[in-house]
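Architecture and fold: a report
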Amino acid sequence: MSKTDVSGLSQLGQQVEAPTSPETAVLERVPNGNAGTDYVVRFTAPEFTSLCPMTGQPDFAHIVIDYIPGEFLVESKSLKLFLFSFRNHGAFHEDCSVYIAKRLVDLLNPKWLRIGAYWYPRGGIPIDVFWQTGEAPKGVWLPDQGVPTYRGRG
């Protein structure tokens, strides 16, 4: 097992101010010590928050990001800060969800990535957003995201 090169990171191990917007949030990456091996990395953000761009009211989601890394892994503190930056950001559910996925794809150039954003209903209907870069490579164990569809009290 090799030691991960963290020399280019600016946030890990440092006190960092929360970013004021998703556009200014710094996403960082580290070399994948297992490049050449297909495996799935999963991040779950069960308490994601953004703002409705029309009303300014909070919207909440349970977000699951799965990816098969290539040469790089996302550094988790930078991902947490990036996701936190949406707390005061006004955007529709679809925009938030797809923007997160595309920023990760641009940063990592993964072999494959998908996002499942399970938004809690406000105003009567849940809006869930799903996006992926294509079909997952064959032979990779890809568990279900495990988030049931919203049923309310029914």
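Above this text you will find the structure in question.
Owing to the predicted nature of the structure, the values given are computational and were not obtained by experimental measurement.

This part covers the layout of surface pockets. One number sums up the size of the largest pocket: a volume of about 240 Å³. The wall of the largest pocket is formed by 13 residues, among which Ala45, Glu47, Lys80, Leu83 and Phe84 lie closest to the centre. Listed by contribution, the elements that provide at least two residues to the lining of the largest pocket are strand S2 (41-51), strand S3 (58-68) and helix H1 (76-84). No other element matches the six residues that S2 contributes to the lining of the largest pocket.

Turning to the pairing of strand S5 (residues 112-119), a few remarks are in order. The buried count for S5 comes to eight of eight residues, which makes it a mostly enclosed element. Alternating residues of S5 divide into Trp112, Arg114, Gly116 and Tyr118 and Leu113, Ile115, Ala117 and Trp119, and every residue in both groups is buried. In this structure, S3 lies alongside S5, joined through eight bridges in antiparallel fashion. By the bridge assignment for S5, alanine 61 is matched with tryptophan 119. Bridging between S5 and strand S6 (residues 128-132) involves five bridges; their strand directions are antiparallel. Paired with isoleucine 115 across the strands is tryptophan 131, a residue of S6.

Counted according to the given criterion, the structure contains six aromatic pairs. Plain terms: the ring middles of phenylalanine 82 and phenylalanine 86 are 5.4 Å apart, the flat faces sit at 75° to each other, and that makes the pair edge-to-face. Here the two residues phenylalanine 82 and phenylalanine 86 agree in accessibility, since each one is buried. Residues phenylalanine 82 and tyrosine 99 carry aromatic rings whose centres are separated by 6.2 Å and whose planes lie at 40° to one another, so their mutual orientation is tilted. Here phenylalanine 82, found in helix H1, pairs with tyrosine 99, found in helix H2 (residues 93-108); they are 17 residues apart in sequence, far enough to count as distant. Phenylalanine 82 sits in the buried class, given a relative accessible area of 0%. A relative accessible area of 27% means that tyrosine 99 is categorised as partly exposed. One aromatic cluster is present, built from ring pairs that chain together Phe48, Phe82, Phe86, Tyr99 and Trp119. Between arginine 29 and the ring centre of phenylalanine 72, over which it is positioned, the NZ or CZ distance is 3.6 Å.

Thresholds applied
Residues numbered from 1 in each chain as written. Predicted model: local features only at pLDDT ≥ 70, side-chain atom pairs only at ≥ 80, totals over all residues. Heavy atoms only, no water. 1 Å grid on protein atoms, 1.4 Å probe; cavity = no way out; pocket = protein on both sides within 12 Å on 5 of 7 lines; lining within 4 Å. Points joined across faces, edges and corners; volume = space filled by probe spheres on them. Helix = DSSP H or I, 4+ residues; strand = E, 2+ residues; numbered from the N terminus. Buried < 20%, exposed > 50% of the residue type's maximum accessible area, 1.4 Å probe, protein only. Pairing = 2+ DSSP bridges. Phe/Tyr/Trp six-rings, centres within 6.5 Å; stacked < 30°, edge-to-face > 60°. Lys NZ or Arg CZ within 6 Å of the ring centre and 35° of its normal.

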